[in-house]
Amino acid sequence: MDQKEQIDDIIVNIKPNQNPEQLKHFEIQFYIILEILMLSPIVWVVIFFWVLHQPLLALSAFQIITLWFIPQLISNHNKTSYFNDFFETNLMQQVLIGIPLALLSFVSLLFCVVILCEYTNYINFDELRLDKPQLWSLVLCAIFLCLTNPFLEELFWRSFLYKFYEHSEINKWWLSFHYALYHFFVLYKFTNYYQIALVGLVAITIGGRVFSFVRWKYGLIAASLFHQGADLGLVAGAAYYYLETV
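Quick look at the structure, then. (Residues numbered from 1 in each chain as written. Predicted model: local features only at pLDDT ≥ 70, side-chain atom pairs only at ≥ 80, totals over all residues. Heavy atoms only, no water.)

### A short note on the nonpolar core
Piece 1. Core analysis: the biggest nonpolar cluster contains 47 residues, and L34, F62, F156, W157, F160, L161 and F164 have the highest contact counts within it.
Piece 2. Elements supplying a minimum of two residues to this core: α2 (20-51), α3 (55-77), α6 (149-160), α7 (169-191), α8 (194-218) and α9 (220-245).
Piece 3. With 10 residues, α2 is the single largest residue contributor to this core.
Piece 4. Look past the residues within four positions of L161 in its chain and what remains in contact with it is L34, M38, F156 and L175. (Core = buried A, V, L, I, M, F, W, Y, C linked by side-chain atoms within 4.5 Å. Buried < 20%, exposed > 50% of the residue type's maximum accessible area, 1.4 Å probe, protein only. Helix = DSSP H or I, 4+ residues; strand = E, 2+ residues; numbered from the N terminus. Contact = heavy atoms within 4.5 Å.)

Right under this line is the structure:
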């Protein structure tokens, strides 16, 4: 069975007992739902981060609704477990591959933060100058960003969505672009330079494609650790320079 047939079977399982015409309409509706789901992180960033200045609420809505609840509902209809992909074979081998990749991504992101903070004035730390209760929410946000976000994002962007898209190169870049898109709004919020946000969009799209390569070459755990290293490097660098400016 090729990938297209596997995808068709999954969609049939989600909505059984449909004639071909009804199934075609449902397939169109389903891909519209997936598109909305992939764009939903932008909504959380704009509402909770831009407007309400609550980064923890933005991250919580993203993780709970986009990365877990809706995919879990779809998986339940398909009679599969959303988290099953974490329990692939060769887990120890994935960890052994993922740890050096995590170190590489940690150093790379830390270096990028140092360059931006030492030699430019693009990062606007005023966005992080919060009162004490809000500051605790920022600390929690950083913790969740490092501990849960890499695994949930890899599960969603590099595993769950790939069940519904053929593994063609154009689809891999399409999904990577959607992964990077909400980062544009985060970067613009922190820099107020759309040029920097656009550079970030391109870089993170490429990064998403690299994560995808690691996921399908070595496994989901390896890709998640690789991603975690990047998030840790970003948070460590940002925290250091933030504390320097307080």
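### Quick notes on empty space enclosed by the protein
Piece 1. The full count for this structure, using the stated rule, is 1 cavity of 30 Å³ or more.
Piece 2. Each pocket or cavity is described by its volume, and for the largest cavity that value is around 30 Å³.
Piece 3. For the largest cavity, the full set of lining residues is S75, T80, S81, Y82, D85, L155, F160 and K163.
Piece 4. Looking at side-chain class alone, the lining of the largest cavity contains 3 nonpolar, 3 polar and 2 charged residues. (1 Å grid on protein atoms, 1.4 Å probe; cavity = no way out; pocket = protein on both sides within 12 Å on 5 of 7 lines; lining within 4 Å. Points joined across faces, edges and corners; volume = space filled by probe spheres on them. Nonpolar A, V, L, I, M, F, W, Y, C, P; charged D, E, K, R; others polar.)

### Considering the packing of aromatic side chains
Piece 1. What the rule picks out here adds up to 23 aromatic pairs.
Piece 2. With a centroid separation of 5.4 Å and an interplanar angle of 85°, the aromatic rings of F184 and F185 are classed as edge-to-face.
Piece 3. The buried category is assigned to F184, whose relative accessible area is 18%.
Piece 4. Between R158 and the ring centre of Y179, over which it is positioned, the NZ or CZ distance is 4.2 Å.
Piece 5. Sitting over the face of the ring of W216, R215 holds its NZ or CZ atom 3.9 Å from the ring centroid. (Phe/Tyr/Trp six-rings, centres within 6.5 Å; stacked < 30°, edge-to-face > 60°. Lys NZ or Arg CZ within 6 Å of the ring centre and 35° of its normal.)

### Observations regarding the packing of α7 against α8
Piece 1. Their axes nearest at 7 Å, the elements α7 and α8 cross at an angle of 145°. Seen from above, α7 lies across α8 with right-handed handedness. (Axes fitted to C-alpha atoms, helices over the stretch in contact; angles between N-to-C directions. Left-handed = near helix turned anticlockwise from the far one by under 90°.)

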